[in-house]
Amino acid sequence: MSTPGALKIAYSPCPNDTFVFHAWAHGLIEGAPPLEVTFADIDVTNGAAERGEFDIVKVSYAALPWLLDQYTLLPSGGALGRGCGPLVLTRADAATSADSVDGRTVAVPSERSTAYLLFRLWASGQRPKRIEVVPFASIMPAVRDGEFDAGLVIHEARFTYPSYGLTALVDLGQWWEGDTGLPIPLGAILARRSLDAGALARAARASVEHAWANPAASARYVGAHADEMSPAVQQQHIALYVNEFTRDLGDEGYAAVAALLDRAFAEGLTPTRPPLR
């Protein structure tokens with residue numbers, strides 16, 4: 001049921017998002033506008049944001065060049081950090097000493113994701129045989145079963161890929177951090193430009209702080225949307241992706257986003273390099 005005056009928000013059912021937005025979505029943040037929540041994977045929200053379907057929306061940082069004409073980047077609520085980057089996986093029995101996708105078939109979860117943008121920056125000069133978009137949940141089984149030589153994965157796959165008999169060809173987060181010294185920008189929170197971005201940023205920040213102060217309060221909400229993930233993996237996921245950059249990007253966070261978008265534009269992978277604030 002819609003709530004009069006509620007803002008339409010879309011974020012993923014992943015534990016970091018449900019943990020972060022639990023308090024705001026449940027009316028626990030004083031003065032924050034009510035929310036009408038839609039759960040959708042980030043490849044869906046990237047497209048929905050481009051069509052202007054939501055007031056507040058979680059998207060890939062890689063999608064910002066297509067979105068910042070309609071939306072403002074909020075400094076709170078997103079996913080950015082260290083040791084949390086996407087992985088390129090291959091079967092353990094097919095691994096080689098060459099950290100390359102030359103001549104290989106690769107499954108990727110989305111063409112407009114930060115993960116895929118990082119993959120393209122890392123793989124610059126390499127020649128994959130074929131790259132195909134595959135639903136995220138199908139990537140590791142497809143690589144395990146030999147349908148693809150390699151797969152690009154994100155989120156909880158960092159914790160579960162060994163159970164599929166897979167090994168990491170490259171950790172794109174480590175590659176990015178080693179190359180730039182900066183944290184890796186993953187998911188951004190955007191607000192429609194007609195709204196009060198300052199007030200919404202304060203609400204998002206308060207929701208993060210409430211989650212940290214009351215970590216057990218969101219457990220049922222997180223578990224209900226975590227797609228068969230065990231409680232232990234849910235907690236690993238939250239610990240990895242919810243950090244001080246989620247509370248506030250700060251100068252280092254903005255510098256990381258700027259570096260990503262600068263490199264992408266310089267490589268001709270995005271149409272523009274929009275200002276962030």
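Up top you'll find the structure we're talking about.
Just so it is clear, the structure is predicted and the values come from calculations on it, not from any experiment. (Residues numbered from 1 in each chain as written. Predicted model: local features only at pLDDT ≥ 70, side-chain atom pairs only at ≥ 80, totals over all residues. Heavy atoms only, no water.)

Looking only at helices and strands, one finds 11 helices and 10 strands in the chain. Whereas a compact globule of 277 residues would reach a radius of gyration of roughly 19 Å, the chain reaches 18 Å, a difference of no more than 12%. Structurally, the chain occupies a C-alpha span of about 55 × 40 × 35 Å along its principal axes. Taking the contacts inside the chain whose residues are at least 6 apart along the sequence as the reference set, 78% of them involve residues at least 24 apart. For the chain, the exposed surface amounts to about 11900 Å²; the carbon and sulfur share of it is 49%. Here the chain contributes 22 positively and 31 negatively charged side chains, and the mean placements of these two sets differ by 2 Å. (Helix = DSSP H or I, 4+ residues; strand = E, 2+ residues; numbered from the N terminus. Rg over C-alpha atoms; globule rule 2.2 N^0.38 Å. Contact = heavy atoms within 4.5 Å. Areas by Shrake-Rupley, 256 points an atom, 1.4 Å probe, with all protein chains shown as cover. Lys, Arg positive; Asp, Glu negative; His and termini not counted. Charge placed at Lys NZ, Arg CZ, Asp CG, Glu CD.)

Let us look at the environment of Phe-136. Looking at the secondary structure, you find Phe-136 in helix α4 (residues 136-144). For the pair Phe-136 and Ala-107, spaced 29 residues apart in sequence, the C-alpha separation works out to 9.0 Å. Discounting residues that sit within four places of it in the chain, Phe-136 has contacts with Pro-109, Val-153, Ile-154, Glu-156 and Ala-157.

Before going further, it helps to examine the packing of helix α1 (residues 15-25) against helix α7 (residues 197-213). Between α1 and α7, the shortest axis-to-axis distance is 7 Å and the interhelical angle comes to 110 degrees. As the angle between them shows, α1 and α7 are arranged roughly perpendicular. Handedness of the crossing formed by α1 with α7: right-handed. In contact with Phe-19, Val-20, Phe-21, His-22, Ala-23 and Trp-24 of α1, α7 contributes Leu-200, Ala-203, Ala-204, Ser-207, Val-208, His-210, Ala-211 and Trp-212. (Axes fitted to C-alpha atoms, helices over the stretch in contact; angles between N-to-C directions. Parallel < 35°, antiparallel > 145°, perpendicular 65-115°, else oblique. Left-handed = near helix turned anticlockwise from the far one by under 90°.)

Further remarks concern helix α6 (residues 172-180). Regarding α6, the residues found buried are Leu-172, Gly-173, Trp-176 and Glu-177. Burial along α6 is one-sided: seen end-on, the buried residues are contained in an arc of 130 degrees. The exposed residues of α6 that point more than 90 degrees off its buried face are Gln-174 and Gly-178. Among the residues of α6, the N-terminal cap falls to Asp-171, whose side-chain oxygen and the backbone nitrogen of Gly-173 are separated by 2.9 Å. Two residues or fewer past α6, Gly-181 is found with a positive phi of approximately 75 degrees. (Buried < 20%, exposed > 50% of the residue type's maximum accessible area, 1.4 Å probe, protein only. Arc of directions from axis to C-beta. Polar contact = N/O pair within 3.5 Å; in protein donor to acceptor, adjacent residues only side chain to side chain.)

Turning to the packing of aromatic side chains, a few remarks are in order. For the coordinates displayed, the defined rule picks out six aromatic pairs. Ring centres 5.5 Å apart and planes at 90 degrees place the aromatic pair Tyr-11 and Phe-39 in the edge-to-face group. Separated by 28 residues along the polypeptide, Tyr-11 in strand β1 (residues 7-11) and Phe-39 in strand β2 (residues 35-39) bring together distant segments of the chain. Taking relative accessible area as the criterion, Tyr-11 reaches 1% and is therefore assigned buried. (Phe/Tyr/Trp six-rings, centres within 6.5 Å; stacked < 30°, edge-to-face > 60°.)

Here the structure, examined in full by the defined rule, presents zero disulfides. Among the cysteines around Cys-14, which has no disulfide bond, Cys-84 carries the closest sulfur, lying 13 Å off. The class for Cys-14 is buried, based on a relative accessible area of 11%. (Disulfide = S-S within 2.5 Å.)

A separate point is the environment of Gly-81. By the element assignment, Gly-81 lies in strand β4 (residues 71-81). Considered as a pair, Gly-81 and Phe-245 are 164 residues apart in the sequence and their alpha carbons are 6.7 Å apart.

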